[in-house]
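Residues per chain are reported as follows:
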Amino acid sequence: MTVNHVWVFAQGTNGNPTSFTAELLTKARGLSDNVSAFVAGDGASLAAALGKFGAKKVYSTGDLGGRLVGVAAASAMAAMIAGGNKPDIILFPQNYDGRDTLARLSVKLGVTVLTNNIDISVNGSEVVATTPIFGGNVLFATAFTGNGPHLASFRPKSFAAEESGGAPAEVVAVTVPDDGKTAAAKVTAVHVEETSGPKLDEANIVVSGGRGLGESKNYALVEELAKLLHGAPGASRAIVDAGWVPYSYQVGQTGKVVKPSVYIAAGISGATQHMVGMKGSKNIIAINKDKEAPIFAVADLGIVGDVHKVLPKLIEALKSRS
Amino acid sequence: MNGMKIVVCVKQIPDPATPGSLDPSTNALLRSGKLILDDSDAYGVEMALQLATAAGGGEVSIVSMAPNGEMSGMRTALAMGAVRGVLVSDPALAGSDALTTAKVLAAAIQKVGTPDLVIAATESTDGYTGTVPEQIAEVLGLPSVTFAKKVKVEGGTLKIDRQTEAGYDEVECPLPALVSVTAGVVEPRYPSFKGIMDAKKKEIVTLTAADLGVSPVGWSGAGQKVSSVSQAEARKAGQVIEDDGEAFGKIVAFLETLKVI
């Protein structure tokens, strides 16, 4: 099929689109010459930067006045589509607001959703999205069969972002319909959790800790090592669920996907849930007591040993170098 | 408020500890054999039980969709304290996409009655499409708050801390509503022996897609088909060494060759 028009669910702050948005716009350009960004918020401030990544237009809802993005964005998109502005494909980021919007829109349009993808392509008459399953060991390609728009969401870092050098995107204001009680949820306060050092999903080095650390206070070793290496600390789902560290530290299927130059897994056995989030790292170092731990199957350097012994020595050695 | 009616959507899945496999003829995820309550759903069940208690009573029901009339996972939720269950089980449902699943579960929720609150996990552990809760809310015309990491009800209004990329938002939402909860939102209780015994006597109503008037379902209702299944390029294992007290030196040397220190 010919893809005439692709939309990207775009996000950003202070005039900068997120890296995720830039990745999706880059992919969208490969599918169609006609790419538009949809911003649930102030799209005008992002127009120049979105244009650089190839968006010709940016549809902007303006300030949502505390409404949650999912309901508002899906209603605005559905109204545009009902009015005849119908894209063939809409690309969403696999994140909180991307998922909410995609889900609401699928019901409004009566179309299926394909989520967690790492690629999308046009194959003859079909649009095919690919998702990794079983911890990334198997690639599962699914074709959309019904009418479009085809709705697909993607994992972060599925595509490399490249600028197209395009002109600022034309800003088109769109109206958010009144959704009555469906839109009754309101944001009353916003909390930003401050972190020092590089962001987990952008850091060149990530040091993650897991249940093998034994108890919550030992996570300090992970933080110290990450700091020494100018990296970011991460965590397995097990210790996030146990309340040792905030959810924002979680690497894995339900957390962040990271692809640093070096990933150090300390006391992490390597559950599928975790591996999905870090297997794309360039180099992996694993320290674990259990030599049968699945993490060793993906590690470039595996140390079968006690994290409580290895980490302090490693930290000392690195300190003595600086 | 007095007496809160809560429905929790739960999924029964193959034990995640055992490797997953695909049906060789349809390439669908194999869900035969004994199924267990998805760990992610234990948080929702616990949340519901705590909210009902805080509201001074009420009842927690569960709905589930599963092949082969499987109920063992639902019994776990009943043993925790849910009072009844509705199971939609129908061979015709095999191959259903997330949208169809949401329509089926929404219809099952309406069979239970009109709840004050619907609770689900953010995504299942086996299929993790991650859209079903929000789709159910849209089908039912309910407001929703997803990725809740803290939930309470005050004067008929939900007060929720919702996970965001940057931190969290405080969100208020009137009832009735749907909430999806993250793992760790509360500490799920272990079913007591009495709970397990009582659960065997609790009612689970079994319905088909036709009973609920949802059609088309299954493969024919899904707006998608399997295109291909292939092996991903496997990552190779490197060097694995036993720590002799000096293994930290190997890490330092490796970091040096990578020029990151």
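Calculation notes
Residues numbered from 1 in each chain as written. Chains lettered and ligands numbered in written order. Predicted model: local features only at pLDDT ≥ 70, side-chain atom pairs only at ≥ 80, totals over all residues. Buried ≥ 20, exposed ≤ 12 C-beta atoms within 10 Å, placed from the backbone. Helix = DSSP H or I, 4+ residues; strand = E, 2+ residues; numbered from the N terminus. Pairing = 2+ DSSP bridges. Right-handed = clockwise from strand over helix to strand, strands pointing away. Axes fitted to C-alpha atoms, helices over the stretch in contact; angles between N-to-C directions. Contact = placed C-beta atoms within 7 Å. Core = buried A, V, L, I, M, F, W, Y, C linked by C-beta atoms within 7 Å. Expected span 1.5 Å × (residues − 1). Arc of directions from axis to C-beta. Domains from an automatic or database assignment. Nonpolar A, V, L, I, M, F, W, Y, C, P; charged D, E, K, R; others polar. Parallel < 35°, antiparallel > 145°, perpendicular 65-115°, else oblique. Left-handed = near helix turned anticlockwise from the far one by under 90°.

### Examining the pairing of strand 4 (residues 58-65) of chain B
All names here are of chain B.
Point 1. A large share of strand 4 lies buried, amounting to seven of its eight residues.
Point 2. Across six bridges, the pairing between strand 1 (residues 4-9) and strand 4 is parallel. Pairing of V7 across the sheet is with S61, part of strand 4.
Point 3. Here strand 4 runs beside strand 5 (residues 84-88); their pairing, made up of five bridges, is parallel. Counted as the bridge partner of V63 is V86 from strand 5.
Point 4. For the crossover from strand 4 across helix 2 (residues 72-80) to strand 5, the handedness is right-handed.

### Details of the sheet that holds strand 7 (residues 144-154) of chain B
Point 1. The 10 strands lie next to each other as 13(A)-9(B)-8(B)-7(B)-10(B)-6(B)-1(B)-4(B)-5(B)-11(B), forming an open sheet whose pairing is mixed. Two strands lie at the open edges of the sheet, namely strand 13 (186-192) of chain A together with strand 11 (204-207) of chain B, each paired on one side alone. In this sheet, neighbouring strand axes are inclined to one another by 30° on average, regardless of whether the strands run parallel or antiparallel.
Point 2. In this structure, strand 5 of chain B lies alongside strand 11 of chain B, joined through four bridges in parallel fashion. Among the inter-strand pairings, G85(B) is bridged to a residue of strand 11 of chain B, identified as I204(B).
Point 3. Sheet strands touched by helix 1 (residues 39-54) of chain B: strand 1, strand 4, strand 6 (117-121), strand 7 and strand 10 (177-181) of chain B. Its angle to strand 6 of chain B, the strand with the most contacts, is close to 155°.

### With respect to the interface of chain B and chain A
Point 1. Each side of the interface is counted separately: chain B has 65 residues, and chain A has 75 residues.
Point 2. Within the residue set of the side of chain B that touches chain A, elements represented by two or more residues are helix 3 (98-112), helix 4 (132-140), strand 7, strand 9 (167-174), strand 12 (224-231), strand 13 (239-242) and helix 8 (247-257) of chain B.
Point 3. Here four bridges tie strand 18 (residues 301-304) of chain A to strand 13 of chain B, and the two strands are oriented parallel to one another. Directly across from L301(A), in strand 13 of chain B, lies its bridge partner Q239(B).

### With respect to the sheet that holds strand 15 (residues 232-235) of chain A
Whenever strands of a sheet pair, they do so through backbone hydrogen bonds, lying parallel or antiparallel.
Point 1. Pairing in this open sheet of six strands is parallel, and the strands run 15(A)-14(A)-16(A)-17(A)-18(A)-13(B) from one edge to the other. Lying at the two open borders of the sheet, with one neighbouring strand each, are strand 15 of chain A together with strand 13 of chain B. The average angle at which neighbouring strand axes cross in this sheet is 15°, direction not considered.
Point 2. Two elements, strand 14 (residues 205-209) of chain A and strand 16 (residues 262-266) of chain A, share five bridges in a ladder whose sense is parallel. Paired with S208(A) across the strands is A265(A), a residue of strand 16 of chain A.
Point 3. Relative to the sheet, helix 5 (residues 219-228) of chain A contacts strand 14, strand 15 and strand 16 of chain A, its axis offset from that of strand 14 of chain A by approximately 175°.

### Concerning the nonpolar core
Note on soluble globular proteins: their nonpolar side chains tend to be buried together.
Point 1. Counting 132 residues, the largest nonpolar core has V8(A), L50(A), L91(A), V8(B), V104(B), L105(B) and V179(B) as the members making the most contacts within it.
Point 2. For L105(B), the contacting residues outside a window of four places in its chain are C9(B), V63(B), M65(B), V132(B) and I136(B).

### Some details on helix 3 (residues 69-82) of chain A
Point 1. With 14 residues, helix 3 of chain A should cover 20 Å at 1.5 Å per step; its first-to-last C-alpha distance of 20 Å lies within 8% of that length.
Point 2. Residues of helix 3 of chain A that are buried include every one of V69(A), G70(A), V71(A), A72(A), A73(A), A74(A), S75(A), A76(A) and M77(A), and no others.
Point 3. Those residues of helix 3 of chain A that are buried are in contact with strand 4 (35-39) and helix 4 (96-109) of chain A together with helix 4 of chain B.

### Here's the deal with helix 8 (residues 307-321) of chain A
Point 1. Across its 15 residues, helix 8 of chain A extends 21 Å between first and last C-alpha, which sits within 8% of the 21 Å expected from 1.5 Å per residue.
Point 2. Taken together, the buried positions of helix 8 of chain A are V307(A), V310(A), L311(A) and L314(A). Buried residues of helix 8 of chain A, viewed axially, fall in a sector of 95°; they line one side. Set apart from the buried face of helix 8 of chain A by more than 90 degrees, the exposed residues are E316(A), K319(A) and S320(A).
Point 3. For helix 8 of chain A, the elements touching its buried residues are helix 5, strand 16, strand 17 (283-288) and strand 18 of chain A together with helix 8 of chain B.

### Details of the domain arrangement of chain A
Residue and element names in this part refer to chain A.
Point 1. Under the domain assignment, chain A is made up of domain 1 (6-183) and domain 2 (205-321).
Point 2. A straight line from the C-alpha centre of domain 1 to that of domain 2 covers 33 Å.
Point 3. Contacts between the two partners involve six residues from domain 1, matched on the other side by seven residues from domain 2.
Point 4. Its residues placed into classes, the side of domain 1 that touches domain 2 shows two nonpolar, two polar and two charged.

### Topic: the environment of S72(B)
Residue and element names in this part refer to chain B.
Point 1. Residue placement: S72 occurs in helix 2.
Point 2. Look at S72 and you get exposed, because 12 C-beta atoms sit within 10 Å.
Point 3. The residues touching S72, leaving out its near neighbours within four places in the chain, are Q12, K34, L35 and I36.

### Describing the pairing of strand 15 of chain A
Residues and elements named next belong to chain A.
Point 1. Because side chains alternate across strand 15, one face comprises the buried residues A232 and G234, and the other comprises P233 and A235, equally buried.
Point 2. The pairing of strand 14 with strand 15 spans four bridges and is parallel. Directly across from S208, in strand 15, lies its bridge partner G234.
Point 3. Taken together, strand 14, helix 5 and strand 15 constitute a β-α-β crossover, and its handedness is right-handed.

### Observations regarding the packing of helix 5 of chain A against helix 8 of chain A
Residue and element names in this part refer to chain A.
Point 1. Axis separation between helix 5 and helix 8 bottoms out at 10 Å; the angle between their running directions is 25°. Of the possible angle classes, the one that applies to helix 5 and helix 8 is roughly parallel. Where helix 5 crosses over helix 8, the handedness of that crossing is left-handed. Contacts from L221, E224, L225 and L228 in helix 5 reach L311, P312, L314, I315, L318 and K319 in helix 8.
Point 2. Counted by class, the contact of helix 5 with helix 8 contains eight nonpolar, no polar and two charged residues.

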